[in-house]
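# An overview of the molecular structure
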Amino acid sequence: GDSVTQMEGPVTLSEEAFLTINCTYTATGYPSLFWYVQYPGEGLQLLLKATKADDKGSNKGFEATYRKETTSFHLEKGSVQVSDSAVYFCALQGGTGRRALTFGSGTRLQVQP
Amino acid sequence: EPEVTQTPSHQVTQMGQEVILRCVPISNHLYFYWYRQILGQKVEFLVSFYNNEISEKSEIFDDQFSVERPDGSNFTLKIRSTKLEDSAMYFCASSERADLLYFGPGTRLLVL
């Protein structure tokens, strides 16, 4: 079945540091890929998505590129802020015809001033 | 901006009791979902609902679980006889076209 693997956290960075959170997936077919973010006390919010190979999703300075050859969708940001502190979830949809999202375990990011 | 709301935010119950978790999806959305996250584990799919019936469910969603859209706005998840292992954060989500899901803030359920 479909699965998503994320790097374990927490990831602790200083403000303005470069961020990478690794995500790899296993799926048959052609899934869509997503990053969701969960700020403290809030629900999951869609951060960005990509629906086919080589697509780049971007939002709020975050980027991720759908790499079919490495089955990866790593999240990057060039300069993090304290307000980026949250839990980040990688997810896929539709790899086997299912519409339900399959999530990774989440990576907590802590950005220190 | 429209958002998905959930009530209650926290629920504590005794093992064997029934609980009902409530969700108000975004008003023009047609697809509804429940997910859960046991502490420290992955967010797991439970069930999806469209056109007043279940369209997809996971192995977790056994006979102890049921969903209902009792009126035009609410979407509920009922657990008939709670077990300790049902303790989790339960997220409701809705979608206009089954592509982009909008999640609520969650209900934290603790079964004692």
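Our subject is the structure that appears above.
Residues numbered from 1 in each chain as written. Chains lettered and ligands numbered in written order. Predicted model: local features only at pLDDT ≥ 70, side-chain atom pairs only at ≥ 80, totals over all residues. Heavy atoms only, no water.

## A short note on the overall build of chain A
If you tally the helices and strands in chain A, you get zero helices and twelve strands. The secondary structure elements of chain A, listed N-terminal to C-terminal, are β-β-β-β-β-β-β-β-β-β-β-β. Taken against the 2.2 N^0.38 rule, which gives 13 Å for 113 residues, the C-alpha radius of gyration of chain A at 13 Å falls within 12% of a compact globule. By principal-axis analysis of the C-alpha atoms, chain A measures approximately 45 × 25 × 20 Å. In chain A, buried positions account for 47% of the 113 residues. (Helix = DSSP H or I, 4+ residues; strand = E, 2+ residues; numbered from the N terminus. Rg over C-alpha atoms; globule rule 2.2 N^0.38 Å. Buried < 20%, exposed > 50% of the residue type's maximum accessible area, 1.4 Å probe, protein only.)

## Some words on the layout of surface pockets
What the largest pocket holds in volume is close to 680 Å³. Lining of the largest pocket is provided by 30 residues; of these, Q38 of chain A together with Q37, L39, M89 and R108 of chain B occupy positions nearest its centre. For the lining of the largest pocket, the secondary-structure elements that each account for two or more residues are β10 (86-93) and β12 (107-112) of chain A together with β2 (10-13), β9 (88-95) and β11 (107-111) of chain B. As a volume, the second largest pocket reaches approximately 340 Å³. If you tally residues by element for the lining of the second largest pocket, the top one is strand β6 (residues 44-50) of chain A, at three residues. (1 Å grid on protein atoms, 1.4 Å probe; cavity = no way out; pocket = protein on both sides within 12 Å on 5 of 7 lines; lining within 4 Å. Points joined across faces, edges and corners; volume = space filled by probe spheres on them.)

## Here's the deal with the sheet that holds strand β3 (residues 19-24) of chain B
Residues and elements named next belong to chain B. Reading across from one edge, β1-β3-β8-β7 is the order of the four strands in this open sheet, with antiparallel pairing throughout. Both outer strands of the open sheet, β1 (5-7) and β7 (65-68), are each paired with one neighbouring strand and no more. Ignoring strand direction, the axes of neighbouring strands in this sheet form an average angle of 20°. Direction of pairing for β3 relative to strand β8 (residues 75-79): antiparallel, over a ladder of five bridges. What sits directly across from L21, in β8, is L77. (Pairing = 2+ DSSP bridges. Axes fitted to C-alpha atoms, helices over the stretch in contact; angles between N-to-C directions.)

## Some words on the interface of chain B and chain A
Each partner contributes residues to the interface: chain B has 15 residues there, and chain A has 19 residues. Buried area between chain B and chain A, both sides added, is near 1500 Å², and the carbon and sulfur share of it is 55%. Counting across the chain B and chain A interface gives zero salt bridges. Our enumeration of links across chain B and chain A arrives at three residue pairs in polar contact (both at pLDDT 80 or more). For the side of chain B that touches chain A, a count of residues per class yields nine nonpolar, three polar and three charged. (Contact = heavy atoms within 4.5 Å. Buried area = accessible area lost by both parts, 1.4 Å probe. Salt bridge = Lys/Arg side-chain N within 4 Å of Asp/Glu carboxyl O. Polar contact = N/O pair within 3.5 Å; in protein donor to acceptor, adjacent residues only side chain to side chain. Nonpolar A, V, L, I, M, F, W, Y, C, P; charged D, E, K, R; others polar.)

## Some points on the pattern of salt bridges
All names here are of chain B. Enumeration over the complete set of coordinates arrives at six salt bridges over all chains. Between D86 and R36 there is a salt bridge, with the nearest N and O atoms lying 3.9 Å from each other. Of this pair, D86 sits in the loop between β8 and β9 while R36 sits in strand β4 (residues 31-37); the two residues are 50 residues apart in sequence, bridging distant segments of the chain. Accessibility expressed as a relative area gives 3% for D86, which makes it buried. For E96, the salt bridge is made with R97, and the minimal N-O distance between the two is 3.9 Å. Judged by relative accessible area, which is 36%, E96 ranks as partly exposed.

## Considering the sheet that holds strand β7 (residues 56-59) of chain A
All names here are of chain A. Judged by pairing direction, the sheet is antiparallel, and its four strands sit side by side in the order β3-β9-β8-β7 without closing on themselves. Both outer strands of the open sheet, β3 (19-21) and β7, are each paired with one neighbouring strand and no more. Across the sheet, the axes of successive neighbouring strands diverge by a mean angle of 15°, strand direction being ignored. Here strand β8 (residues 62-65) runs beside strand β9 (residues 75-77); their pairing, made up of three bridges, is antiparallel. Among the inter-strand pairings, E63 is bridged to a residue of β9, identified as E76.

Everything listed here is a matter of geometry and, on its own, says nothing about what the molecule does.
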